[in-house]
Amino acid sequence: STKVGTPGQGVGAVKVEDHPAKTYVCLGIQGGMESSLMKSGMEQLRAWLEEHKSEWVVDGEPRRLGYHGPMTPTSQRPWEMQIPIKPAKAK
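A. Spatial organisation of the overall build of the protein. Secondary structure summary: the protein contains one helix and four strands in total. Along the chain direction, N to C, the helices and strands of the protein fall in the order β-α-β-β-β. For 91 residues, the compact-globule estimate of 2.2 N^0.38 gives 12 Å, and the C-alpha radius of gyration of the protein, at 16 Å, exceeds that figure by more than 25%. When the backbone C-alpha atoms are referred to their principal axes, the protein occupies close to 45 × 35 × 20 Å. Among the 91 residues that make up the protein, the fraction classed as buried is 21%. Taking as baseline every contact in the protein between residues at least 6 positions apart, the subset at least 24 positions apart corresponds to 67%. Split by element, the accessible area of the protein, about 7000 Å² in all, is 54% carbon and sulfur. Taking the 12 positively charged and 10 negatively charged side chains of the protein as two groups, their mean positions are separated by 4 Å.

Next up, the structure:
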């Protein structure tokens, strides 16, 4: 919620930012964040976008989000890849 407060300074290399709302096409993954999984996942998301190109277009850079604590075993770590999208212009 934007009413909770303002982004803080972060800790070390952590940067806290508030981003405007967007729409994303997402793919959830469980396991390590290996580059091979990232590449495969991005290929799946791009294939979905190609199938839906009359409806959606890319609206920014892809990102990866992790949702696990440092003590979570690698095989159980949930994360996702996201590509921001926006509606395709009507022709």
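B. Highlighting the pairing of strand β4 (residues 78-87). Among the 10 residues that make up β4, seven are buried, leaving the element largely enclosed by the rest of the structure. In the sheet, strand β1 (residues 23-30) pairs with β4 via eight bridges, with the strands oriented antiparallel. Across the sheet, residue Thr 23 finds its bridge partner in β4, namely Ile 85. Relative to β4, strand β2 (residues 56-58) runs antiparallel, the two being bridged by three bridges. Opposite Trp 56, over in β4, you have Pro 87 as the bridge partner.

Cut-off values and rules
- Residues numbered from 1 in each chain as written.
- Predicted model: local features only at pLDDT ≥ 70, side-chain atom pairs only at ≥ 80, totals over all residues.
- Heavy atoms only, no water.
- Helix = DSSP H or I, 4+ residues; strand = E, 2+ residues; numbered from the N terminus.
- Rg over C-alpha atoms; globule rule 2.2 N^0.38 Å.
- Buried < 20%, exposed > 50% of the residue type's maximum accessible area, 1.4 Å probe, protein only.
- Contact = heavy atoms within 4.5 Å.
- Areas by Shrake-Rupley, 256 points an atom, 1.4 Å probe, with all protein chains shown as cover.
- Lys, Arg positive; Asp, Glu negative; His and termini not counted.
- Charge placed at Lys NZ, Arg CZ, Asp CG, Glu CD.
- Pairing = 2+ DSSP bridges.

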